[in-house]
Number of protein chains: 2
Amino acid sequence: MEIIGSMSAMQRFSKALRLSGKTIGFVPTMGALHEGHLSIVRESVKANDITIVSIFVNPAQFSEGEDFNRYPRDYDNDIKKLGGLLADAVFIPTVDSVYPDGYKTYVEVRGLSDKLCGQFRLGHFSGVATVVLKLFNAVMPVRAYFGLKDYQQCVVLKKMSADLNLDIEIVLCPTVREPDGLAMSSRNAYLSAEERLDAALIYKALKEAELAVKDGSLKVRAIAPRLRETLSGVKSITEIQYASAYDPDTLDEITGGARVLIAAAVKMGGTRLIDNIMVDLQAAEGVVC
Amino acid sequence: MEIIGSMSAMQRFSKALRLSGKTIGFVPTMGALHEGHLSIVRESVKANDITIVSIFVNPAQFSEGEDFNRYPRDYDNDIKKLGGLLADAVFIPTVDSVYPDGYKTYVEVRGLSDKLCGQFRLGHFSGVATVVLKLFNAVMPVRAYFGLKDYQQCVVLKKMSADLNLDIEIVLCPTVREPDGLAMSSRNAYLSAEERLDAALIYKALKEAELAVKDGSLKVRAIAPRLRETLSGVKSITEIQYASAYDPDTLDEITGGARVLIAAAVKMGGTRLIDNIMVDLQAAEGVVC
């Protein structure tokens, strides 16, 4: 497995492969790899000649006061895990290689970036879109893979890719969960033992709302108050940033519709956790809007 | 010569060429082609296997109240001229093909876009950077060509290209002038006979400042007042938007340095004209800063 450390070296590596007709699958990550990442890498290995995984904790997507410095970094273990999955290259660029002195160019996906998480993380999705576009230009993939746990990121990046006419298939992969339902996240490592137990209640709350909407006992417009009620009863949750039903395409809050995204973001002390589930109400019976 | 009308058709055409190992040279234009454009097309034809010229009057780079609607369009003549130069394809996308309903993604080159012309054309360089990036992704060139008459555009696009790790060589081509010195521009067609005569005095003013700085009779810091004095004496000029000496890389006003960009933007009634010359003061003698 190749280990590549700069944007220019990455571009040389990929260009030679593309010109020889190979398909490249790309899995961008911030490292501290867990089973959520690894399941995505396996998908890429299955579908492409070559799989490249990037590990880059992107300063441009962290706001002042967020966890950029303490975000978990575990390059040695990450490299071991990827080698075991037959990934072909790990791309670990330095911050200076990605954002050299005097860097000035940013991508904005207007109207999708300021909702949900964007309200609480100013500039976050511009940072994400910018770095992903740069990585795409260095890695030159045919397919790029993202996890649905970061649902808004998936929507923003699919929109960017379509709007900018990128010739890349964006593949969205299901959230992988711990046995008690907690969505896997590198940030789960921040949780105390008690917070970790309580964290499972976030998914439980989303799932309860889904079932109640599907069996007709909860209206879509009543999802938000129900979630707030449930989540505010969880001892470790110190702030509910959002918790409601959203249009899966526009990310606007909705009171009905065929497909409903139920999503929440909460804080447990200094740790911010997000989760979501997609509910297909056309397939369900007894729905009352 | 192929005529291509949509982003997706363009991408199919170029992808097949790139995969077969051809080099593509790209000349983006807004049409109403004059000798300035044609000289650039000739450069591309010389240096690349395939030359593609786009004609697209880009709404995203015109502000409210600017000349988007009346900007000259002359597709038939443009196509004839390009055929004569052995260009391989003309790409004339519709506005709907470039900006479909619900379009949301924009590129910003921060810190270079709000100077010089950017002060007077809000959003202009974001519109330029965005459309050029989109066209690059559709045309997939190895080299892309721009005219130095639009100097700030050249700086913004070179910076975007480097920052976003585009694998494209940005080639900047000298300004082509009418016999009396006026920089060729599609907008010169707006000028009345009297304005057209006076328009030649813009270049004359820049050139006089250059010569005076080079022979030591004018300090770099005195370029701005000298230009303002000269230009305000030109009867057809109704507004001087900027006229001074600038750092060629940062576009900040300067009072000295090895390379000085002398640039001006003026209005003659409803017509906005720009011009610039680059002065290499290291090569000159007797310079007083």
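All values reported here derive from a predicted model rather than from experimental measurement. Residue numbering note: each chain is counted from 1, following its sequence as written. Labels follow written order: the first chain is A, the first ligand is 1, and so on. Only residues with pLDDT of at least 70 are given local features in this predicted model, and only at 80 or more are side-chain atom pairs given and counted; all residues enter the totals for whole chains, interfaces and linings. Hydrogen atoms and water are omitted, and side-chain values are computed over all heavy atoms in the structure.

Peer 1: When you look at the overall build of chain A in this model, what are you seeing that I'm missing?
Peer 2: Secondary structure elements follow DSSP: runs of H or I of four or more residues count as helices, runs of E of two or more count as strands, with numbering from the N terminus. Across its full length, chain A carries 9 helices and 10 strands. Classification of the 289 residues of chain A by burial places 56% in the buried group. Whether two residues are in contact is decided by their heavy atoms: any pair within 4.5 Å suffices. Put simply, of all contacts in chain A between residues at least 6 apart along the chain, 72% involve residues at least 24 apart. Of the accessible surface of chain A, which amounts to about 12,100 Å², a share of 51% is contributed by carbon and sulfur atoms. Under the convention used here, Asp and Glu are negative, Lys and Arg are positive, and both His and the chain ends fall outside the count. Each charge is placed at NZ for Lys, CZ for Arg, CG for Asp and CD for Glu. The averaged location of the 36 negative side-chain charges in chain A is 2 Å from the averaged location of its 33 positive side-chain charges. Each residue's exposure class comes from its accessible area (1.4 Å probe, protein chains only) as a fraction of the maximum for that residue type: buried when under 20%, exposed when over 50%, partly exposed otherwise. The method behind every accessible area is Shrake-Rupley, applied with a 1.4 Å probe, and residues are considered shielded solely by the protein chains displayed.

Peer 1: Looking at this structure, how should I read the relation of the copies chain A and chain B?
Peer 2: Two chain copies here: they are related by a rotation about an axis and a translation along the same axis. Superposing the copies works by least squares over the C-alpha atoms of residues that have pLDDT at least 70 in both of them. Aligned on chain B, chain A shows an RMSD of 0.0 Å; the corresponding rotation is 180° and the shift along the axis is 0.0 Å. On this basis, the relationship between the two copies can be described by a two-fold rotation axis. Minimal C-alpha separation from the rotation axis in chain A is found for V107 of chain A, amounting to 2.3 Å. Interface overlap between copies is the fraction of interface residues in one copy that are interface residues in the other; for chain A against chain B it reaches 100%, indicating a shared surface.

Peer 1: What exactly am I supposed to notice about the domain arrangement of chain A here?
Peer 2: Where interface size is given, it is often the accessible area lost as the parts come together that is meant. Residue and element names in this part refer to chain A. Segmentation of chain A into domains returns domain 1 (2-173) and domain 2 (186-278). Across the contact, 21 residues belong to domain 1 and 19 residues belong to domain 2. Summed over both partners, buried area is the accessible surface (1.4 Å probe) that two parts give up on being assembled. Between domain 1 and domain 2 lies a buried interface of about 1,800 Å² when both sides are counted; carbon and sulfur atoms form 57% of it. When the buried surface of domain 1 facing domain 2 is broken down by residue, L116, F120 and Y151 rank first, second and third, together holding 35% of it. Counted as salt bridges are all cases of a side-chain nitrogen of Lys or Arg within 4 Å of a carboxyl oxygen of Asp or Glu. Taken together, the links from domain 1 to domain 2 amount to 2 salt bridges. The start and end points of each domain follow an automatic or database-based domain assignment.

Peer 1: Looking at this structure, I do not really get the sheet that holds strand β2 (residues 24-29) of chain A. What am I missing?
Peer 2: Residues and elements named next belong to chain A. Whether two strands pair comes down to DSSP finding at least two bridges between them. Taking strand neighbours across the sheet as the criterion, the 6 strands line up as β1-β4-β3-β2-β6-β7 in an open arrangement whose pairing is parallel. Looking at the sheet topology across the chains shown, the edges are occupied by β1 (2-4) and β7 (169-173). Strand-to-strand twist across the sheet, computed as the mean angle between neighbouring axes with direction ignored, equals 25°. Both strand β3 (residues 50-55) and strand β4 (residues 89-91) contribute to a ladder of 3 bridges, which runs parallel. Bridge pairing links I52 to A89 in β4. Between N-to-C directions, angles cover 0 to 180 degrees, with each direction set by a line fitted to C-alpha atoms, over the stretch in contact for helices.

Peer 1: Help me understand the sheet that holds strand β10 (residues 271-280) of chain A, please; the structure alone is not making it clear to me.
Peer 2: Strand pairing in a sheet is mediated by backbone hydrogen bonds. Such pairs are either parallel or antiparallel. All names here are of chain A. Spatially, 3 strands are ordered β8-β9-β10 in an open sheet, and the strand pairing comes out antiparallel. Sheet topology places β8 (239-246) and β10 at the edges, where each strand pairs with a single neighbour. Taking each pair of neighbouring strands and ignoring which way they run, the sheet shows an average axis angle of 10°. Two elements, strand β9 (residues 259-268) and β10, share 10 bridges in a ladder whose sense is antiparallel. Its bridge partner being in β10, V266 is matched across the sheet by L273. Strand contacts of helix α8 (residues 193-214): β9 and β10, with the helix running at about 20° to β10, the strand carrying the most contacts.

Peer 1: Quick question: what am I supposed to make of the pairing of β8 of chain A here?
Peer 2: Two faces belong to every sheet, and in a regular strand the side chains alternate between them. Residues and elements named next belong to chain A. Where burial is concerned, most of β8 is hidden: 7 out of the 8 residues are buried. Pairing between β8 and β9: 7 bridges, direction antiparallel. The residue bridging A243 from the neighbouring strand is A264, located in β9.

Peer 1: Hey, could you run me through the pattern of salt bridges in this one?
Peer 2: Applying the stated criterion across every chain, the model contains 31 salt bridges over all chains. Between K207 of chain A and E210 of chain A there is a salt bridge, with the nearest N and O atoms lying 2.8 Å from each other. With a gap of 3 residues between them, K207 of chain A and E210 of chain A both fall in helix α8, about one helical turn apart. Judged by its relative accessible area of 30%, K207 of chain A falls in the partly exposed class. The partner of D150 of chain B in a salt bridge is K149 of chain B, and the shortest N-O contact between them spans 3.8 Å. Taking the relative accessible area as the measure of exposure, K149 of chain B reaches 15% and is therefore buried. Put simply, K207, E210 and K214 of chain A are held in one network by salt bridges that share partners.

Peer 1: Even after reading the chapter, I still don't get unusual backbone geometry, so can you show me in this structure?
Peer 2: Trans peptide bonds make up the majority, and among non-glycine residues the majority have a negative phi. Residues and elements named next belong to chain A. We note that N165 has phi near 60°; this positive angle belongs to a residue other than glycine. Secondary-structure assignment places N165 in the loop between α7 (151-163) and β7. Given a relative accessible area of 13%, N165 falls into the buried group.

Peer 1: Please clarify how the interface of chain A and chain B should be interpreted in this entry.
Peer 2: With 27 residues of chain A at the contact, the number on the chain B side is 27 residues. Note on chain A versus chain B: buried area summed over both sides is about 2,500 Å², and carbon and sulfur give 48% of it. When the buried area of chain A at its contact with chain B is split by residue, K104, R110 and N165 of chain A rank highest and sum to 25% of it. Across the contact surface, chain A and chain B share 4 salt bridges. Taking the shortest distance from any N to any O, the salt bridge between E108 of chain A and R110 of chain B comes out at 3.1 Å. Of all the secondary structure elements, the ones that give two or more residues to the side of chain A that touches chain B are α1 (7-19), β5 (105-109), α6 (124-139) and α7 of chain A. Three residue categories are used. Nonpolar comprises Ala, Val, Leu, Ile, Met, Phe, Trp, Tyr, Cys and Pro, charged comprises Asp, Glu, Lys and Arg, and polar comprises the others, including Gly. When its residues are assigned to classes, the side of chain A that touches chain B shows 12 nonpolar, 6 polar and 9 charged.

Peer 1: Is there a simple way to explain the nonpolar core in this structure?
Peer 2: With 98 residues, the main nonpolar core has F136 and M160 of chain A together with F136 and M160 of chain B as its most contacted residues. Apart from the residues within four sequence positions on either side, M160 of chain B is in contact with T105 of chain A together with V107, V109, A129, V132, L133, F136 and L166 of chain B. Take the buried Ala, Val, Leu, Ile, Met, Phe, Trp, Tyr and Cys residues and link them wherever side-chain atoms come within 4.5 Å; each set so joined is a nonpolar core.

Peer 1: Help me understand the packing of aromatic side chains, please; the structure alone is not making it clear to me.
Peer 2: The relation between two aromatic rings is expressed through the spacing of the ring centres and the mutual angle of the planes. Each aromatic pair joins two rings of Phe, Tyr and Trp (for Trp, the six-membered one) with centres within 6.5 Å, and gets the label stacked for planes under 30 degrees apart, edge-to-face for over 60, and tilted for any other angle. With the rule as written, the count across this model stands at 18 aromatic pairs over all chains. When the ring of Y99 of chain A is compared with that of Y103 of chain A, the centres are 5.1 Å apart and the planes differ by 85°; the resulting orientation is edge-to-face. No difference in accessibility class separates Y99 of chain A from Y103 of chain A, as the two residues are buried. Ring pairing ties together the aromatic residues F56, Y99, Y103 and Y106 of chain A, which thus form one cluster. We call a charge positioned over a ring when the NZ of a Lys or the CZ of an Arg lies within 6 Å of the ring centre and within 35 degrees of the ring normal. Against the face of F68 of chain A rests R73 of chain A, its NZ or CZ located 5.0 Å from the ring centre. Directly above the aromatic system of Y190 of chain B lies the positively charged group of R70 of chain B, at a separation of 3.9 Å from the ring centroid.

Peer 1: Help me out: how do you make sense of the side chain of T51 of chain A in this one?
Peer 2: Residues and elements named next belong to chain A. Assignment of secondary structure puts T51 in strand β3. Residue classification places T51 among the buried positions, given a relative accessible area of 0%. Not counting chain neighbours up to four residues away, the residues in contact with T51 comprise G25, V41, S44, V45, A87, D88 and A89.

Peer 1: Whenever I open this one, the environment of P141 of chain A confuses me. Can you help?
Peer 2: Residues and elements named next belong to chain A. Structurally, P141 is set in the loop between α6 and β6 (143-147). Once the C-alpha coordinates of P141 and I170 are considered, the two residues, 29 residues apart in sequence, prove to be 10.0 Å apart. With residues up to four places along the chain from it excluded, the contact list for P141 reads R18, I24, F26, F136, D167 and I168.

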